[in-house]
Amino acid sequence: MAEVETTPVEQARHVVYCGVCTLPPEYCEFGGTAKKCEEWLKENDSDLWDKLYSEDALNANLSTLSVSAQERAAKDAAKKEAKAAANEARDSERKAASKVLIKRVERNKRKYVTVVIGLEVFGLENKKIAKDLGKKFATGSSVTRSPAGIEEITVQGDVSDDLHDWLLEVHGKKIPESNIELIEDKKKKKSEGPV
Amino acid sequence: MFKKDIPPSNRSKVKSSVQRGLRQKLLETYPGFEPFIEDVMPKKASLEAVKLPDRVTLYTIDSTPLFFQPIDGPPVPHLRLIHAYPSAVPTIQIDRGAIRFVLSGATLMAPGLTSPGGRLPDAEHALEAGQIVGVKAEGKEEICMIGMLKVGTEEIKSKGKGVVIDEGHYLGDGLWRMHLD
C-alpha cells in the first residue's frame with residue numbers, strides 16, 4: 001500500500017481499509033459496491049486511487065483472464081452489485097416506513113415506565129442504548145422481551161419527552177425526527193400530545 | 001466458518017496466566033511473530049476473550065482483534081493482524097479467477113493454486129497439511145484469506161484438484177465485519 005515501508009520491519013504496517021466496504025481497496029471490486037468504493041477512495045486517498053484505478057492497472061487486471069472467465073466474472077460482479085443495491089434500497093425503505101415508538105405506560109396510578117420500541121431498525125443496539133439511558137436518567141433501564149417477542153427498552157419513570165430529545169440529540173443522524181412517535185398508553189385521557 | 005454475521009456477545013478478561021499460555025502457544029505455532037510479539041501482545045496488555053459461534057474464541061486487546069481459536073485447533077490470526085505483519089505466516093497464492101469465489105466464502109480448491117496465476121512454495125519449503133497459511137491473490141498485495149491446509153502443498157501440486165482450505169477466515173466475512181466496540 002501507499003504508506004508502507006518496503007523493507008521488512010519490526011513495525012506494524014498500516015493498511016488502508018475502504019470506508020464503504022471495509023475491505024482493503026484493492027479488493028473493493030469484489031465487494032459488491034465497487035462504484036461507491038472507487039468514489040470513496042478517490043476522495044480519501046488519491047495516491048492509491050491512481051494506483052488502483054488508472055487505465056494501466058485496469059488493463060493489467062483484465063489481461064490475465066481468459067475472455068469467457070472475464071465475462072463470467074463481470075456477470076457475477078454485476079449480479080452482486082445489483083443485489084447490494086437492492087438490499088440497500090430495501091433497507092432504507094424499511095427505515096422510512098418504520099417508527100420508533102416511545103410509550104409511556106402507567107404502572108401504578110402515578111408511576112410510569114417508558115418503553116422504547118423499534119430502535120434496532122435504525123442500526124442502534126438495544127442493549128447499549130438501554131445502558132446509556134440508564135446513565136442519562138439515573139434510573140433502571142433494561143432490555144426486555146415483550147410478549148409479542150419484540151425487544152424493547154424499558155426505562156423506569158416518565159422520561160418520554162426527555163428521551164425523545166435525547167434520541168434526536170445523540171442519534172439524530174440515524175433517526176429522522178418524523179420517525180419518532182410518542183404514545184401515551186391508554187386508560188388515561190391524553191394530557192400531552194406528541195411533540 | 002464465519003459466513004454469517006456474528007452477533008455481539010459477551011466478552012471477558014483473560015486471566016494473566018492463561019494469557020501467558022496463549023502467548024506461548026501463538027509463538028509456537030507462528031515463529032514468524034517472534035520479532036513482533038511485544039507489539040502484538042504486550043506483556044502488560046489485558047487480553048479479552050469474545051465468544052463466537054461454533055465454540056470459537058476471539059482474543060482482542062482494546063477492541064482490536066488479534067486472533068481466534070476454535071476449541072480444538074491452533075490459534076489463527078485475524079486478517080487485520082496479518083495485514084499488519086504479513087511476514088508472520090507462510091503464504092500461497094491464488095489466481096485472479098478464484099478471488100471472487102474465495103471472497104464469497106467458497107472453499108479453496110486446488111486449481112486456483114496450480115494455475116499460472118497461483119503460487120505454491122517449492123519442494124524444499126513445502127507446507128504440511130494442518131499448517132495455517134495466508135492466501136494471497138494474483139495482482140494483489142494483501143492477504144485475502146487465512147485458514148488451515150487440508151492437504152500438503154506437494155500433494156496439491158501432484159493431484160491438482162480437490163479441497164485445499166475449507167472454513168477459512170476471509171475478507172468480508174462475519175468475523176471481518178464484526179464490530180468490537
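Computed from a prediction, not measured in an experiment: that's the story for all the values here.

**Considering the overall build of chain A**
Turning to step 1, where the next piece is worked out: Tallying secondary structure elements over chain A gives six helices and five strands in all.
Turning to step 2, where the next piece is worked out: Put simply, chain A runs from its N terminus to its C terminus through helices and strands in the order α-α-α-α-β-β-α-β-β-α-β.
Turning to step 3, where the next piece is worked out: The burial tally for chain A puts 21% of its 195 residues in the buried class.
Turning to step 4, where the next piece is worked out: Considering only residue pairs separated by 6 or more positions, chain A has 43% of its internal contacts joining residues 24 or more positions apart.

**A short note on the overall build of chain B**
Turning to step 1, where the next piece is worked out: Summing up its helical and strand segments, chain B has seven helices and 11 strands in all.
Turning to step 2, where the next piece is worked out: Here the C-alpha atoms of chain B give a radius of gyration of 16 Å, agreeing with the 16 Å that 2.2 N^0.38 yields for 181 residues.
Turning to step 3, where the next piece is worked out: Over its C-alpha atoms, taken along the principal directions, chain B stretches across nearly 45 × 35 × 30 Å.
Turning to step 4, where the next piece is worked out: Sorting the 181 residues of chain B into buried and exposed places 39% on the buried side.
Turning to step 5, where the next piece is worked out: The contacts of chain B with a sequence gap of at least 6 include a subset with a gap of at least 24, amounting to 60%.

**Some details on the UniProt feature "coiled-coil region" (unreviewed entry) in chain A**
Turning to step 1, where the next piece is worked out: The residues that UniProt annotates with the feature "coiled-coil region" (unreviewed entry) are residues 68-95 of chain A.
Turning to step 2, where the next piece is worked out: Across residues 68-95 of chain A, helical content stands at 100% and strand content at 0%; the span's end C-alpha atoms are separated by 40 Å.

**Some details on the domain arrangement of chain B**
Turning to step 1, where the next piece is worked out: Annotation of chain B at the domain level lists domain 1 (11-78) and domain 2 (91-170).
Turning to step 2, where the next piece is worked out: Just the C-alpha atoms count here: the centres of domain 1 of chain B and domain 2 of chain B sit 24 Å apart.

**Section: the domain arrangement of chain A**
Turning to step 1, where the next piece is worked out: Domain annotation of chain A identifies domain 1 (25-95) and domain 2 (98-184).
Turning to step 2, where the next piece is worked out: Between the C-alpha centres of domain 1 of chain A and domain 2 of chain A there is a distance of 39 Å.

**Overview of the interface of chain A and chain B**
Many descriptions give the size of an interface as the accessible area lost when the pieces come together.
Turning to step 1, where the next piece is worked out: With 21 residues of chain A at the interface, the matching set in chain B holds 24 residues.
Turning to step 2, where the next piece is worked out: The dominant element in the side of chain A that touches chain B, judged by the number of residues it contributes, is helix 4 (residues 67-97) of chain A, at three residues.
Turning to step 3, where the next piece is worked out: The residue makeup of the side of chain A that touches chain B, split by class, is 12 nonpolar, four polar and five charged.

**Things to note about the nonpolar core**
Turning to step 1, where the next piece is worked out: Formed by 58 residues in total, the largest nonpolar core has its most connected members in Val102, Val135 and Cys144 of chain B.
Turning to step 2, where the next piece is worked out: Every residue in contact with Cys144 of chain B, bar those within four places of it in the chain, is listed here: Tyr27 of chain A together with Ile99, Val102, Leu103, Val135, Ala137, Tyr170 and Leu171 of chain B.
Turning to step 3, where the next piece is worked out: Listed in part, the 18 residues of the second largest apolar core include Ile117, Leu133, Leu167 and Ile175 of chain A.

**Brief notes about the UniProt feature "domain: PUA" (unreviewed entry) in chain B**
Turning to step 1, where the next piece is worked out: In this numbering, the UniProt entry assigns the feature "domain: PUA" (unreviewed entry) to residues 90-172 of chain B.
Turning to step 2, where the next piece is worked out: Strand forms 28% of residues 90-172 of chain B and helix 22%; the C-alpha atoms that close the span are 21 Å apart.

**Some words on the sheet that holds strand 2 (residues 48-52) of chain B**
Residues and elements named next belong to chain B.
Turning to step 1, where the next piece is worked out: The sheet built from five strands is open, its strands ordered 1-2-3-4-5 with antiparallel pairing. Sheet topology places strand 1 (11-13) and strand 5 (76-77) at the edges, where each strand pairs with a single neighbour.
Turning to step 2, where the next piece is worked out: Here strand 1 pairs with strand 2 via three bridges, running antiparallel. Residue pairing in the sheet places Ser12 in a bridge with Ala49 of strand 2.

**Topic: the UniProt feature "domain: SUI1" (unreviewed entry) in chain A**
Turning to step 1, where the next piece is worked out: Here the UniProt feature "domain: SUI1" (unreviewed entry) sits at residues 100-171 of chain A.
Turning to step 2, where the next piece is worked out: Annotation note: span residues 100-171 of chain A, helix share 33%, strand share 38%, distance between end C-alpha atoms 12 Å.

**A short note on the environment of Glu39 of chain A**
Residue and element names in this part refer to chain A.
Turning to step 1, where the next piece is worked out: For Glu39, the position within the fold is in helix 1 (residues 34-44).
Turning to step 2, where the next piece is worked out: Taking the C-beta count within 10 Å as the criterion, Glu39 has 13 such neighbours and is therefore assigned partly exposed.
Turning to step 3, where the next piece is worked out: On a C-alpha basis, the gap between Glu39 and Lys99 in space is 32 Å, while along the polypeptide they are 60 residues apart.

**Remarks on unusual backbone geometry**
Residues and elements named next belong to chain B.
Turning to step 1, where the next piece is worked out: At Ser63, a residue that is not glycine, the phi angle is positive and equals roughly 55 degrees.
Turning to step 2, where the next piece is worked out: Position of Ser63 relative to the elements: it lies in the loop between strand 3 (56-61) and strand 4 (64-70).
Turning to step 3, where the next piece is worked out: Even without a glycine there, the phi angle at Glu167 is positive, about 55 degrees.
Turning to step 4, where the next piece is worked out: Here Glu167 is to be found in the loop between strand 10 (163-165) and strand 11 (169-170).
Turning to step 5, where the next piece is worked out: Judged by the 15 C-beta atoms lying within 10 Å of it, Glu167 is partly exposed.

**Considering helix 6 (residues 160-171) of chain A**
Residue and element names in this part refer to chain A.
Turning to step 1, where the next piece is worked out: Its 12 residues give helix 6 an end-to-end C-alpha distance of 16 Å, which sits within 8% of 16 Å, the value for a rise of 1.5 Å per residue.
Turning to step 2, where the next piece is worked out: Along helix 6, the residues classified as buried are Ser160, Leu163, His164 and Leu167. Down the axis of helix 6, the smallest arc covering the buried residues is 105 degrees, so these residues share one side.

**A short note on the pairing of strand 4 (residues 151-156) of chain A**
All names here are of chain A.
Turning to step 1, where the next piece is worked out: Judged from the five bridges that link them, strand 2 (residues 111-117) and strand 4 form a sheet pairing that is antiparallel. The residue of strand 4 that forms the bridge with Ile117 is Glu152.
Turning to step 2, where the next piece is worked out: As paired elements, strand 3 (residues 141-145) and strand 4 share five bridges and run antiparallel to each other. Of the residues in strand 4, the one forming a bridge with Ser142 is Thr154.
Turning to step 3, where the next piece is worked out: Between strand 3 and strand 4, which follow one another and run antiparallel, lie five residues, and Gly149 among them has a positive phi close to 90 degrees.

Basis of the calculations
Note that residues are indexed from 1 along each chain, following the sequence as it is written. Ligands are numbered from 1 and chains lettered from A, in the order in which they are written. At least 70 in pLDDT is required for a residue's local features to be given in this predicted model, at least 80 for side-chain atom pairs to be given and counted, and no such filter applies to totals for whole chains, interfaces and linings, which use all residues. For the purposes of this entry, the term helix denotes a DSSP run of H or I that reaches at least four residues, the term strand denotes a run of E that reaches at least two, and both are numbered from the N terminus. Counting other C-beta atoms within 10 Å of each residue's C-beta, where C-beta atoms are placed from the backbone, gives the exposure class: buried for 20 or more, exposed for 12 or fewer, partly exposed between. Distance between backbone-placed C-beta atoms decides contact: two residues are in contact if it is within 7 Å. The size measure is the radius of gyration over C-alpha atoms, and the globule rule it meets is 2.2 Å times the number of residues to the 0.38 power. UniProt positions are given in the numbering used here, feature names are shortened, and annotations may be inferred rather than shown by experiment. Segment limits for the domains were obtained from an automatic or database-derived domain assignment. When residues are sorted by character, Ala, Val, Leu, Ile, Met, Phe, Trp, Tyr, Cys and Pro go into the nonpolar class, Asp, Glu, Lys and Arg into the charged class, and all the rest, Gly among them, into the polar class. In this description, a nonpolar core means buried residues of the types Ala, Val, Leu, Ile, Met, Phe, Trp, Tyr and Cys, linked to one another by C-beta atoms lying within 7 Å. Two strands pair if DSSP finds at least two bridges between them. To estimate the expected span of a helix, subtract one from its residue number and multiply by 1.5 Å. Working definition: the arc comes from the directions between the helix axis and the C-beta atoms, pointing outward to the latter.

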